[in-house]
Amino acid sequence: MEKAALRALPSVDRVLGMPEAAGLVSRFGRAEVTAAIRAALAEARAGQGALPTAPEVAAAAGAALERRHRSNLRPLFNLTGTVLHTNLGRALLAEAAVEAATAAMRDAVALEFDLETGRRGERDDHLRALLCELTGAEDATLVNNNAAAVLIALNTLGAGREAIVSRGELIEIGGAFRMPDIMARAGVTLVEVGTTNRTHPKDYRAALRPETGLVLKVHTSNYRIEGFTAEVEGPALAAIAHEADVPLLNDLGSGTLVDLSRWGLKKEPTVREAVAEGADLVTFSGDKLLGGPQAGFIVGRRDLIAAINRNPMKRALRVDKIRIAALAATLALYRDPDRLAERLPTLGLLARPAAEVEALAQRVAPHLARALPDAFSVTVCTCRSQIGSGALPLDTLPSAGLRIDAPGGRVLEAVVRALRELPRPVIGHVHDGALVLDLRCLTDEAGFVANLASLSAAHGLA
Ligand SMILES: *Cc1c(COP(=O)(O)O)cnc(C)c1O
């Protein structure tokens, strides 16, 4: 910009004196607003455009502050078709759990204090009785997540010794959670038996020796081996382990507390069944099918749970009061299975009938079509949702959604981006050269439609 023109730029003080700036100061504080005005002026000075007026500088500073303060953790619309999406935070909590967590955040609670005796208590006590009641186990404990539950259980039962596991169950969950690596970090020597597709009782029996610390069974949650296969089921495996006097640890992964076939879903093994089959310890997640916050539960034999609680790792992996409060409220809902799907949002979404989702798609399709430039076509489509987080990988749920077709791949990418940049981001998935928004997880229809108003303003689409 020309020297003379630069002199005509408003000063920081003059912009700060604008009524627009006063509003910004009360929201963001004087220091931040002053810095944002300085930055907006610097940008105007460096640019080639027309000289901005003081209100224009204030508006530019306001927009920059708005962007800076917008949280990337703000709620979004998960229209990916994966209900328990690990990258999008997995389970949605029940209202009762949200309220319990909020109350525990605001005030002091008797986390490790026994209100009856006035003496020190245990933080696990808030959940122990409920977990035992719901699973039939003798005792229970909890840690930060299921990966931690597996780690501490392996370390407690098998440090310096061997753990026998079928080659068909040496899973990778995602990220860096691979069973062989976890075993190594737990100080346990892995003894693989059988083959990828077939493992027999004699394979386990042949591997058992004085160095054996435990037998491990892993629920192969995120894939399935089909065809010529054989695995040793829980009861038989428990018998084999107990003959040799070693414990059986069963990692259920997305453990569920109820039979899901009641809601039209395929049945997953329940924690109660795994306990009844004779597993000495069972581990499972809090934020998968269970529908609570992130946590890892370990239930089973009292002496083994006591040993886990004595393991120094326990302190490093423990759960805070906020999640314990939310977990207790979530687990309490399981006492009334009849109303579970109404109260646990994740279960409600999984059980949602396809016809209801399709009716929703019919209603919102015209709103999306109107918000997008004419070059894009929006059609109602059928699709299939996934449960996610490794549960029932092959059992997808019939669903419906909106399919957005664009004149070219680059343009489709622009819609994907524009939807992601909305005040409440919309995340779908690209399939078959089109963007599909699976509406199974859309419950705030009015909010979704209102959010689309910002789409036409989004750049890169016109
Ligand atoms: C998901 C899963 C885990 C890890 O649980 P997180 O709660 O994610 O820590 C471990 N084992 C199995 C079989 C799983 O499915």
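Criteria and cut-off values
Residues numbered from 1 in each chain as written. Predicted model: local features only at pLDDT ≥ 70, side-chain atom pairs only at ≥ 80, totals over all residues. Heavy atoms only, no water. Helix = DSSP H or I, 4+ residues; strand = E, 2+ residues; numbered from the N terminus. Expected span 1.5 Å × (residues − 1). Buried < 20%, exposed > 50% of the residue type's maximum accessible area, 1.4 Å probe, protein only. Contact = heavy atoms within 4.5 Å. Polar contact = N/O pair within 3.5 Å; in protein donor to acceptor, adjacent residues only side chain to side chain. Pairing = 2+ DSSP bridges. Axes fitted to C-alpha atoms, helices over the stretch in contact; angles between N-to-C directions. Arc of directions from axis to C-beta. Domains from an automatic or database assignment. Parallel < 35°, antiparallel > 145°, perpendicular 65-115°, else oblique. Nonpolar A, V, L, I, M, F, W, Y, C, P; charged D, E, K, R; others polar. Left-handed = near helix turned anticlockwise from the far one by under 90°. 1 Å grid on protein atoms, 1.4 Å probe; cavity = no way out; pocket = protein on both sides within 12 Å on 5 of 7 lines; lining within 4 Å. Points joined across faces, edges and corners; volume = space filled by probe spheres on them.

## Examining helix α15 (residues 321–333)
Piece 1. For α15, which comprises 13 residues, the first-to-last C-alpha distance of 19 Å matches the rise-based estimate of 18 Å (1.5 Å per residue) to within 8%.
Piece 2. Within α15, burial applies to R323, I324, A325, A326, L327, A329, T330, L331 and L333.
Piece 3. Where the residues of α15 are buried, they touch α6 (95–106), α7 (125–135), β3 (139–143), β11 (296–300) and α16 (340–343).
Piece 4. Capping the start of α15, D320 holds a side-chain oxygen 2.9 Å from the backbone nitrogen of I322, two or three residues further along.

## Focus on the sheet that holds strand β10 (residues 281–285)
Piece 1. Spatial strand order, β3-β11-β10-β9-β8-β4-β7: seven strands in an open sheet with mixed pairing. Only two strands of the sheet have a single partner each, and these edge strands are β3 and β7 (189–193). Mean inter-strand twist for the sheet, computed between neighbouring axes without regard to direction, equals 25 degrees.
Piece 2. Pairing analysis gives five bridges linking strand β4 (residues 162–166) to β7, with the strands arranged parallel. Following the sheet pairing, I164 is matched in β7 by V191.
Piece 3. The strands touched by helix α8 (residues 146–158) within the sheet are β3, β4, β8 (212–218), β9 (248–253), β10 and β11, with β10 carrying the most contacts at an inclination of about 160 degrees.

## Concerning helix α13 (residues 302–310)
Piece 1. Buried within α13 we find L304, I305 and I308. Looking straight down α13, one finds that the buried residues subtend no more than 100 degrees of arc, so they occupy a single side.
Piece 2. Check the buried side of α13 and you find it contacts β3, α8, β10, β11 and α14 (313–316).

## Examining the environment of A186
Piece 1. Tracing the backbone shows A186 in the loop between α9 (179–185) and β7.
Piece 2. Along the primary structure A186 and M105 are separated by 81 residues, whereas in three dimensions their C-alpha atoms are 33 Å apart.

## Section: the sheet that holds strand β16 (residues 434–438)
Note: strands within a sheet are paired through backbone hydrogen bonds, in either parallel or antiparallel orientation.
Piece 1. A sheet is described by the order of its strands in space; here five strands give the open sequence β2-β12-β13-β16-β15, paired in mixed fashion. Every interior strand has two partners, whereas the edge strands, β2 (82–84) and β15 (429–431), have only one. Each strand of the sheet is rotated relative to its neighbour by a mean of 40 degrees, with strand direction disregarded.
Piece 2. Packed onto the sheet, helix α18 (residues 354–371) meets β12 (377–388), β13 (397–405) and β16 and runs at close to 10 degrees relative to β13.

## Side note on the domain arrangement of the chain
Piece 1. For the chain, the domain assignment lists domain 1 (7–69), domain 2 (77–86 + 349–459) and domain 3 (95–339).
Piece 2. The straight-line distance from the C-alpha centre of domain 1 to that of domain 2 is 37 Å.

## Observations concerning the packing of α8 against α13
Piece 1. In contact at an axis separation of 9 Å, α8 and α13 are set at 105 degrees when each is read in the N-to-C sense. With respect to their mutual orientation, α8 and α13 come out roughly perpendicular. Of the residues in α13, those touching α8 at I152, A153, T156 and L157 are L304, A307 and I308.
Piece 2. Looking at side-chain class alone, the contact of α8 with α13 contains six nonpolar, one polar and no charged residues.

## Some details on the packing of helix α3 (residues 19–28) against helix α5 (residues 54–69)
Piece 1. Packing of α3 against α5 brings their axes to within 9 Å, and their N-to-C directions diverge by 20 degrees. The angle between α3 and α5 places the two elements in the roughly parallel class. The crossing of α3 and α5 is left-handed. Contacts from E20, L24, R27 and F28 of α3 reach α5 at P55, A58, G62, L65, E66 and H69.

## A word on empty space enclosed by the protein
Piece 1. Under the counting rule described, the total for this entry stands at one cavity of 30 Å³ or more.
Piece 2. Looking at the largest cavity, its volume works out to about 30 Å³.
Piece 3. Among the residues making up the lining of the largest cavity, the classes are represented as six nonpolar, one polar and no charged.

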